[in-house]
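Chain and residue survey
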Amino acid sequence: MVRFIEYLALYILIVFLQMILFDNIQITGYLNIIIYPLFLILLPFNTNRIILLFLGAVLGLTADIISCSFGVYSIVFIFLGFVRPFLLRLFVKTDLEDSPAMPVSGVMGAASFLQYLFVIMFLTFVSVTFLERLTLDYLWVAMLKILVSTVVSSLIIYFLQLPLNKLNKNTWI
Amino acid sequence: MYRLFEFVKRVYVFIVFIALEILAVSYYQRSSIYTNAKIVVAVNSVTGGLQEEIYDMKTFFLLRNENERLNDEIAVLRNKLAQFESDSTVNWTEFYDSTTLKYSYIPANVVNNSYVKQNNYITINKGTVDGVSESMSILVGENIVGYVITSSENYSVGISLLNTNFKTSGQEINGKYTGAIGWNGVDIKKATISEIPKYAEINVGDTIVTTNFSSKFPQGIKIGVIESLELINATYYNAEMSLFADFTTLDNVSIVNFRDYYEKTELESRIEGY
């Protein structure tokens with residue numbers, strides 16, 4: 001129950017930060033900061049796969065309402081919920097797969113966490129960009145936008161999860 | 001039966017995944033800029049005040065530039081007015097009668113504006129109680145920004161020119177051939193004008209303005225300046241232009257009400273395929 005409340009608080013915090021802060025940081029048209037996937041990234045290693053799919057759908061619906069892009073984020077985050085276990089298997093030591101711990105850099109190792117994070121963010125931006133555009137025109141410019149947004153959003157997410165390392169060490173392992 | 005049960009047990013995650021994706025895709029397919037904007041208006045009625053505060057904070061540091069822009073705009077309008085009023089053949093009392101004006105302008109402030117997405121929207125702090133309604137154009141100074149797609153009592157949401165679904169027509173300022181205005185979804189300072197007939201005398205550096213075909217925009221509103229041109233299949237031009245409006249600093253805007261909008265669109269709708 002405590003864990004449920006902690007994740008609910010995390011969900012609200014992420015949505016609030018995205019809406020209040022990151023949706024208002026508009027430095028250039030090439031940079032779109034999205035931190036929604038942080039919630040799916042931080043769900044415990046042993047999260048049930050069906051729960052992952054439904055949480056992806058809920059997160060997607062929230063993001064679609066806030067971003068006025070009905071359906072796009074739902075499609076992408078359900079997909080992320082589906083592929084997350086495969087990605088964790090790629091980047092995580094086998095003994096962690098069934099752990100109730102939170103996948104943060106302190107548990108996974110900074111290099112593994114960054115790879116896991118970067119792949120999720122790259123998949124997010126590629127899917128969001130092409131689902132919104134539905135065209136391959138200006139492909140190189142779109143790819144540049146995807147790359148810049150992936151790198152900056154990944155770095156922001158990396159720094160946002162750092163305080164959770166301490167919390168994770170104290171309570172969740 | 002046991003085999004079937006075992007099979008379902010093995011693939012049930014995939015089945016749930018496909019079912020959820022089908023639901024999301026059907027939502028995605030059925031949505032339009034209008035349904036999306038209605039959701040934004042509904043969210044705004046809850047978070048409108050908060051969004052306004054945040055946008056005010058963002059634009060606070062741009063106030064000096066915004067004041068300069070407004071001063072310039074006033075000077076241009078005063079000069080135009082002085083020119084017009086020197087014309088003694090016009091009955092100015094009749095001219096200023098608000099009931100006979102073809103267009104009327106409603107001042108508004110932007111309370112939320114995105115420009116980093118593919119489909120961007122603008123939220124303004126005027127709604128139906130202020131006389132704002134669907135299809136009114138949104139201008140900053142004398143430049144095109146977007147048009148209103150839905151309104152609540154106190155707020156309206158407009159589709160930005162920086163939205164891949166934005167469509168209107170444009171033409172060279174002194175020309176007669178028109179093209180379709182659109183946004184490529186990437187560069188916030190540039191838009192495209194396509195399918196201008198090859199007979200058009202159009203060059204790099206020409207100014208593109210709105211046409212009299214539009215029911216939303218008054219004719220002659222500035223859009224951008226042509227930066228590059230390409231002749232396609234020796235039949236028409238596609239061009240890229242730099243936009244006049246700076247979408248990163250939108251604050252004070254004007255909403256334009258075309259009084260004959262409903263009469264014109266209703267008449268056009270009577271003809272099938274118009």
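Going along each chain's sequence as written, the residues are numbered from 1 onward. All chains are assigned letters beginning with A, and all ligands numbers beginning with 1, in the order in which they are written. Per-residue local features of the predicted model are confined to residues with pLDDT of at least 70, and side-chain atom pairs are confined, for both listing and counting, to 80 or more; whole-chain, interface and lining totals are unaffected and use all residues. Excluded from the side-chain calculation are hydrogens and water; included are all heavy atoms of the structure.

**With respect to the overall build of chain A**
Operational definition: Each helix corresponds to a stretch of at least 4 residues labelled H or I by DSSP, and each strand to a stretch of at least 2 residues labelled E; elements are numbered beginning at the N terminus. The globule rule is 2.2 Å times the number of residues to the power 0.38, and the radius of gyration it is compared with is taken over C-alpha atoms. Only protein chains enter the calculation, and the probe is 1.4 Å; a residue is then buried if its accessible area is under 20% of its type maximum, exposed if over 50%, and partly exposed in between. All accessibility values rest on the Shrake-Rupley procedure with a 1.4 Å probe; residue burial counts only the protein chains present in the view. In this tally, Asp and Glu contribute negative charge and Lys and Arg positive charge; neither His nor the terminal groups of the chain are included. Lysine's charge is taken at NZ, arginine's at CZ, aspartate's at CG and glutamate's at CD.
Of regular secondary structure, chain A possesses 7 helices and 0 strands. For chain A, the sequential pattern of α-helices and β-strands runs α-α-α-α-α-α-α. Here the C-alpha radius of gyration of chain A, 16 Å, is about what a compact globule of 173 residues would show, namely 16 Å. With the C-alpha coordinates of chain A rotated into their principal frame, the extents come out at 45 × 30 × 30 Å. Here chain A holds 173 residues, and the buried ones make up 55% of them. Carbon and sulfur atoms make up 75% of the accessible area of chain A, which amounts to about 7,600 Å² in all. Charge separation in chain A, taken as the distance between the mean sites of 9 positive and 8 negative side-chain charges, equals 7 Å.

**Focus on the pattern of salt bridges**
Pairs can form between side chains of opposite charge whenever their charged atoms are close. Residues and elements named next belong to chain B. Worth spelling out the cut-off: Throughout this description, the term salt bridge denotes a Lys or Arg side-chain nitrogen within 4 Å of a carboxyl oxygen of Asp or Glu.
Within the structure shown, the criterion is met by 1 salt bridge over all chains. A salt bridge links Glu227 to Lys190, with the shortest nitrogen-to-oxygen separation between them at 3.4 Å. In this pair, Glu227 is assigned in strand S10 (residues 222-232) and Lys190 in strand S8 (residues 190-197), connecting sequence segments 37 residues apart. Residue classification places Glu227 among the partly exposed residues on the basis of a relative accessible area of 38%. Accessibility expressed as a relative area gives 22% for Lys190, which makes it partly exposed.

**Concerning the interface of chain B and chain A**
For the record, the criterion: Throughout, a residue-residue contact means that at least one pair of heavy atoms, one from each residue, lies within 4.5 Å. Note on definitions: buried area is the accessible-area loss of two parts on being combined, 1.4 Å probe, summed for both.
Listed as interface residues are 38 residues of chain B and, on the opposing side, 36 residues of chain A. Together chain B and chain A conceal approximately 3,400 Å² of surface at their shared face, both sides included; 67% is due to carbon and sulfur atoms. The largest contributions to the chain B side of the interface with chain A come from Tyr28, Val116 and Val186 of chain B, which together make up 21% of the buried area. At the junction of chain B and chain A, the tally comes to 0 salt bridges.

**Looking at the side chain of Gln171 of chain B**
Of note, Gln171 of chain B is situated in strand S6 (residues 168-172). Non-local contacts of Gln171 of chain B, meaning those with residues more than four positions away in its chain, are made with Tyr177, Thr178, Ile193, Thr207, Ile208, Val209 and Thr211 of chain B.

**As for the packing of aromatic side chains**
Residue and element names in this part refer to chain A. Which entries qualify depends on this criterion: Here a pair means two rings of Phe, Tyr or Trp (six-membered ring of Trp) with centres within 6.5 Å. Their orientation is stacked below 30 degrees between planes, edge-to-face above 60, and tilted elsewhere.
Scanning all chains against the criterion turns up 16 aromatic pairs over all chains. On the numbers, 6.1 Å between centres and 50° between planes, the contact of Phe113 with Tyr158 is tilted. Placement of the pair is Phe113 in helix H6 (residues 110-133) and Tyr158 in helix H7 (residues 139-171), with a sequence separation of 45 residues. Among the residues examined, Phe113 registers a relative accessible area of 0% and is labelled buried.

**Examining unusual backbone geometry**
Residue and element names in this part refer to chain B. At Asn233, a residue that is not glycine, the phi angle is positive and equals roughly 50°. Along the chain, Asn233 falls in the loop between S10 and strand S11 (236-243). Although it is not a glycine, Ala234 adopts a positive phi angle of roughly 55°. Relative to the helices and strands, Ala234 resides in the loop between S10 and S11.

**Brief notes about the pairing of S10 of chain B**
Within a regular beta strand, the side chains point alternately toward one face of the sheet and then the other, so they alternate between its two faces. Residue and element names in this part refer to chain B. Worth spelling out the cut-off: Strand pairing is defined by DSSP finding a minimum of two bridges between the two strands.
Here strand S9 (residues 207-210) pairs with S10 via 3 bridges, running antiparallel. From the neighbouring strand, Thr207 faces S10, where its bridge partner is Val225. Two strands pair when backbone bridges link them, and S10 and S11 are joined in this way by 8 bridges, in the antiparallel orientation. Bridge pairing in S11 links Ser228 to Glu240. What sits between S10 and S11 in their antiparallel hairpin is a turn of 3 residues, with Asn233 showing a positive phi close to 50°.

These results come straight from atomic positions and should not be treated as a statement about function.
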